Amino acid sequence: MRGFGTVAAISMYSEPLKSILKNFKYAEGAAGWAPILGRLVFGWLEANATITSQYDVIIGNPTTTDRQPIRHIETILEAAQVEDLRRRWPIRNDLLLKRTSTPTSAGQGLYDKQVAAGQHADAIDLMADFTGAKVLLFDDIFTTGSQLSAVARRLRKAGALRIAGLVIARVPWGG
């Protein structure tokens with residue numbers, strides 16, 4: 001069962017964005033992409049204000065606090081906040097916290113992705129009361145939706161009323 005209603009993708013997961021996102025997540029010194037990726041997110045929020053204004057909070061699918069070389073989701077949202085000079089969008093990086101690492105789902109089959117997604121969601125500490133909240137949950141790449149769904153289900157159990165997703169890129173259907 002999916003935990004979210006809809007997912008909006010800013011782009012497709014194809015070159016050159018595919019290489020940019022991989023480098024940003026895994027390569028030392030690639031943090032320079034954060035302002036550009038943050039600007040993409042902010043631009044989408046502004047261009048889709050009718051949709052975005054329906055949400056009480058915009059939060060990232062958290063990365064573990066010891067992630068190296070960069071906590072990429074948090075860094076992108078911080079860059080989007082910098083762009084939001086009018087403080088129009090309720091972007092918060094302090095409401096979900098993941099203190100421990102869990103197995104990665106990258107390169108796994110669907111079942112293993114779902115197992116890893118559940119472990120990821122279980123490792124997240126909720127740092128706020130989500131009762132009645134309408135949440136826009138941000139992530140970088142949407143492949144199967146397993147991780148986004150597991151985190152959304154966790155938020156629903158905590159009382160969130162509605163959850164939608166926003167991703168920088170989605171993998172084209174069929175691969």
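What this report covers is the structure whose coordinates are included nearby. (Residues numbered from 1 in each chain as written. Predicted model: local features only at pLDDT ≥ 70, side-chain atom pairs only at ≥ 80, totals over all residues. Heavy atoms only, no water.)

## Description of the packing of helix α5 (residues 110-122) against helix α6 (residues 146-157)
So, step 1. Running from N to C, α5 and α6 point in directions that differ by 35 degrees, and their axes come no closer than 8 Å. You can see that α5 and α6 cross each other, and the crossing is right-handed. Side by side, α5 and α6 meet where L110, K113, Q114, A117, G118, H120, A121 and D122 of the first sit next to S146, Q147, A150, V151 and R154 of the second.
So, step 2. Residue composition of the contact of α5 with α6, by class: five nonpolar, five polar and three charged. (Axes fitted to C-alpha atoms, helices over the stretch in contact; angles between N-to-C directions. Helix = DSSP H or I, 4+ residues; strand = E, 2+ residues; numbered from the N terminus. Left-handed = near helix turned anticlockwise from the far one by under 90°. Contact = heavy atoms within 4.5 Å. Nonpolar A, V, L, I, M, F, W, Y, C, P; charged D, E, K, R; others polar.)

## Overview of the side chain of K25
So, step 1. Structurally, K25 is set in helix α1 (residues 17-26).
So, step 2. The class of K25 is buried, set by a relative accessible area of 12%. (Buried < 20%, exposed > 50% of the residue type's maximum accessible area, 1.4 Å probe, protein only.)

## Comments concerning unusual backbone geometry
So, step 1. Cis rather than trans, the peptide bond between E15 and P16 has omega equal to 0 degrees.
So, step 2. As for its position among the elements, P16 is in the loop between β1 (7-12) and α1.
So, step 3. In this model, Q68 is joined to P69 through a cis peptide bond whose omega is 5 degrees.
So, step 4. Topologically, P69 is positioned in the loop between β2 (57-60) and α4 (72-83).
So, step 5. In this structure, R87 takes a positive phi of about 55 degrees despite not being glycine.
So, step 6. Tracing the backbone shows R87 in the loop between α4 and β3 (91-92).

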